[in-house]
Amino acid sequence: MSADRRPPSRLAELGRKGGVLAGFGAYGLWGLFPLYFDALRPTGPWEILANRIVWSAVFCLIVLAVRRDWAWLPPLLRNRKLMLGVTAAAFLIAVNWVVYVAAVTSGHTSDAALGYFLNPIVTVALGVLVLREQLRPLQWLAVAIGAAAAVYLAVAGGSFPVTALTLAASFALYGLVKNKVGATLPALHSLTLETLILLPAAAVILVVVALGPGLDFARHGTAHSALLVLSGVATAIPLLLFAAAARRIPLVTVGLIQFVTPVIQLICAVTLLGEHVSTARWIGFGIVWVALAVLTTDALMNARSPRRGVEPVVP
């Protein structure tokens, strides 16, 4: 009997290793996004957002056509509650995308990194405010430290960290909506619907930009245009890797791997994009990292707990 059990165990172990690799691949690619979007300058964030929506939709439709994967769509379109949830998720991810791109292209990638460091803390706070979850003592401590970090950054930095908190809040709310109404929707189907819902808004943005300063597409050479087109693939690939990871490894592992993204973003900002991070900002980061250490300790201590919380989501 022990011999019969070995092959499934080896397969399970391979599956876990593959899941970990997929998780690091997804969050690693998201961490490198600042370099990608910085390469799209001088294109503005709204035109980049519109291109990301359009080409993501095109990529998803091509994949679905190749797979002949359409049977799920008609019944889903008739589900009003689910469609409302997906529409809300589409709006929230669009807000997240445009604020993120605006931060990167304006030289504030460190603000974006701070937002994604704060995201797990905001997610836990939403669990209390919206889902009426009972937090454990260490979770309360992490939220309190995170709030103290926001106050410190507002006072010591001389301005409220609007970009970071907008990214953290939109990302956390996106995860909340997805987990409430769309948890059973596969990643490819979800991205397809969200981008299709956003297509009219993308068309309006492109028209407004064309009538105003003019579109940058095809204005800065073939490589620049190719990067705009490939933004659809760049959006979809890490999302599919994340979906593969989430199916194969425990949620707590996914939650720990997600810190790879803001770490890489911060490294890119300081070493490759030439951003200056003030001493006050570094102290703010340090306070946030203390909160994350407390949250991580709690997650590891309660990894076997059956209580289901708000799951980590994707950029």
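All values derive from a computational prediction rather than experimental measurement.

**Q** Any chance you could explain the packing of helix 5 (residues 109–129) against helix 7 (residues 162–181) here in plain terms?
**A** Helix packing geometry: the angle between the two helix axes and the distance between the axes. Remark: helix 5 packs on helix 7, axes separated minimally by 7 Å, with the N-to-C direction vectors making an angle of 45 degrees. Considering their axes alone, helix 5 and helix 7 lie oblique with respect to each other. Crossing angle aside, the handedness with which helix 5 passes helix 7 is right-handed. Contacts from Asp-111, Ala-112, Leu-114, Gly-115, Tyr-116, Leu-118, Asn-119, Val-122, Thr-123 and Leu-126 of helix 5 reach helix 7 at Thr-163, Ala-164, Leu-165, Leu-167, Ala-168, Ala-169, Phe-171, Ala-172 and Leu-173. Grouping the amino acids of the contact of helix 5 with helix 7 by side-chain chemistry returns 14 nonpolar, 4 polar and 1 charged.

**Q** Where do I start with the confidence of the model for the chain in this structure?
**A** Parts of the prediction with low pLDDT should not have their coordinates interpreted in detail. Confidence along the chain averages 87 in pLDDT terms, with 90% of residues attaining 70 or more. Per-element confidence in the chain ranges from a low mean pLDDT of 77 for helix 10 (residues 251–257) to a high of 95 for helix 2 (residues 45–67). Long-range and interchain partners of residues 306–311, a stretch whose pLDDT sits below 50, account for 15 contacts in this model, where long-range means more than four residues apart.

**Q** So what exactly am I meant to see when it comes to the side chain of Arg-281 here?
**A** Structurally, the position occupied by Arg-281 is in helix 12 (residues 279–301). Within the local environment of Arg-281, its side chain forms a polar contact with the side chain of Asp-111, the two groups lying 2.5 Å apart. The residues contacting Arg-281, other than those within four sequence positions of it, are Ser-110, Asp-111, Leu-114 and Leu-153.

**Q** Whenever I open this one, the nonpolar core confuses me. Can you help?
**A** Generally speaking, nonpolar side chains in soluble globular proteins are found buried as a group. Counting residues in each nonpolar core, the largest one holds 32 residues, and the members touching the most others are Leu-76 and Leu-193. Of all elements in the fold, only helix 2, helix 3 (73–77), helix 4 (80–105), helix 7, helix 8 (187–211) and helix 9 (222–248) reach the threshold of two or more residues within this core. In terms of residue count, the dominant contributor to this core is helix 4 (10 residues). Leave out the neighbours within four places in its chain, and Leu-193 touches Trp-72, Leu-73, Leu-76, Leu-77, Met-83, Val-86 and Leu-185. Judged by nonpolar contacts, the second largest core, of 25 residues, contains Ala-26, Tyr-36, Ala-234 and Ile-257.

**Q** Mind showing me how you'd approach unusual backbone geometry here?
**A** Most of the time, phi is negative for any residue but glycine, and the peptide bond is trans. For the bond running from Arg-41 to Pro-42, omega is 15 degrees, close enough to zero to count as cis. Its place among the elements puts Pro-42 in the loop between helix 1 (2–38) and helix 2. We note that Arg-68 has phi near 55 degrees; this positive angle belongs to a residue other than glycine. Within the secondary structure, Arg-68 sits in the loop between helix 2 and helix 3. Despite not being glycine, Ala-218 has its phi angle at roughly 70 degrees, a positive value.

**Q** Would you take a moment to explain the environment of Leu-272 for this structure?
**A** With respect to the helices, strands and loops of the structure, Leu-272 is situated in helix 11 (residues 260–272). For Leu-272, a relative accessible area of 57% puts it in the exposed group. On a C-alpha basis, the gap between Leu-272 and Pro-34 in space is 9.8 Å, while along the polypeptide they are 238 residues apart. With near-sequence residues (within four places) excluded, Leu-272 lies in contact with Leu-35 and Ile-267.

**Q** Is there a simple way to think about the pattern of salt bridges in this case?
**A** Pairing is possible between side chains that carry opposite charge, provided their charged atoms lie close to one another. Evaluated as defined, the whole model comprises 5 salt bridges. A salt bridge links Asp-38 to Arg-41, with the nearest nitrogen and oxygen atoms 2.8 Å apart. Of the charged contacts, one joins Arg-219 and Asp-216 as a salt bridge, the two residues approaching to 3.4 Å between their closest N and O atoms.

**Q** Looking at this model, I keep getting lost on the packing of aromatic side chains. Mind explaining?
**A** We describe a pair of aromatic rings using the distance from one ring centre to the other and the angle between the two ring planes. On inspection of all chains with the given rule, the structure shows 13 aromatic pairs. Relative to Phe-37, the ring of Tyr-36 has its centre 5.7 Å away and its plane inclined at 80 degrees; by these criteria the two rings are edge-to-face. There is no split in this pair, since Tyr-36 and Phe-37 are both buried. Between the aromatic rings of Phe-37 and Tyr-100, the centroid separation amounts to 6.1 Å while the plane-to-plane angle is 80 degrees, which identifies the pairing as edge-to-face. In this pair, Phe-37 sits in helix 1 while Tyr-100 sits in helix 4, placing the two residues 63 residues apart along the sequence. Tyr-100 shares its class with Phe-37; the two are buried.

**Q** Please explain helix 9 as it appears in this structure.
**A** An α-helical segment advances 3.6 residues per turn. Residues three or four places apart therefore align on the same side. In this model helix 9 runs 39 Å from its N-terminal to its C-terminal C-alpha over 27 residues, within 8% of the 39 Å that 1.5 Å per residue would give. Within helix 9, the axis deviates most sharply at Leu-230, by approximately 40 degrees.

Calculation rules
Residues numbered from 1 in each chain as written. Predicted model: local features only at pLDDT ≥ 70, side-chain atom pairs only at ≥ 80, totals over all residues. Heavy atoms only, no water. Axes fitted to C-alpha atoms, helices over the stretch in contact; angles between N-to-C directions. Helix = DSSP H or I, 4+ residues; strand = E, 2+ residues; numbered from the N terminus. Parallel < 35°, antiparallel > 145°, perpendicular 65-115°, else oblique. Left-handed = near helix turned anticlockwise from the far one by under 90°. Contact = heavy atoms within 4.5 Å. Nonpolar A, V, L, I, M, F, W, Y, C, P; charged D, E, K, R; others polar. pLDDT = per-residue confidence, 0-100. Polar contact = N/O pair within 3.5 Å; in protein donor to acceptor, adjacent residues only side chain to side chain. Core = buried A, V, L, I, M, F, W, Y, C linked by side-chain atoms within 4.5 Å. Buried < 20%, exposed > 50% of the residue type's maximum accessible area, 1.4 Å probe, protein only. Salt bridge = Lys/Arg side-chain N within 4 Å of Asp/Glu carboxyl O. Phe/Tyr/Trp six-rings, centres within 6.5 Å; stacked < 30°, edge-to-face > 60°. Expected span 1.5 Å × (residues − 1). Bend = angle between axes of the 7 residues up to and from the residue.

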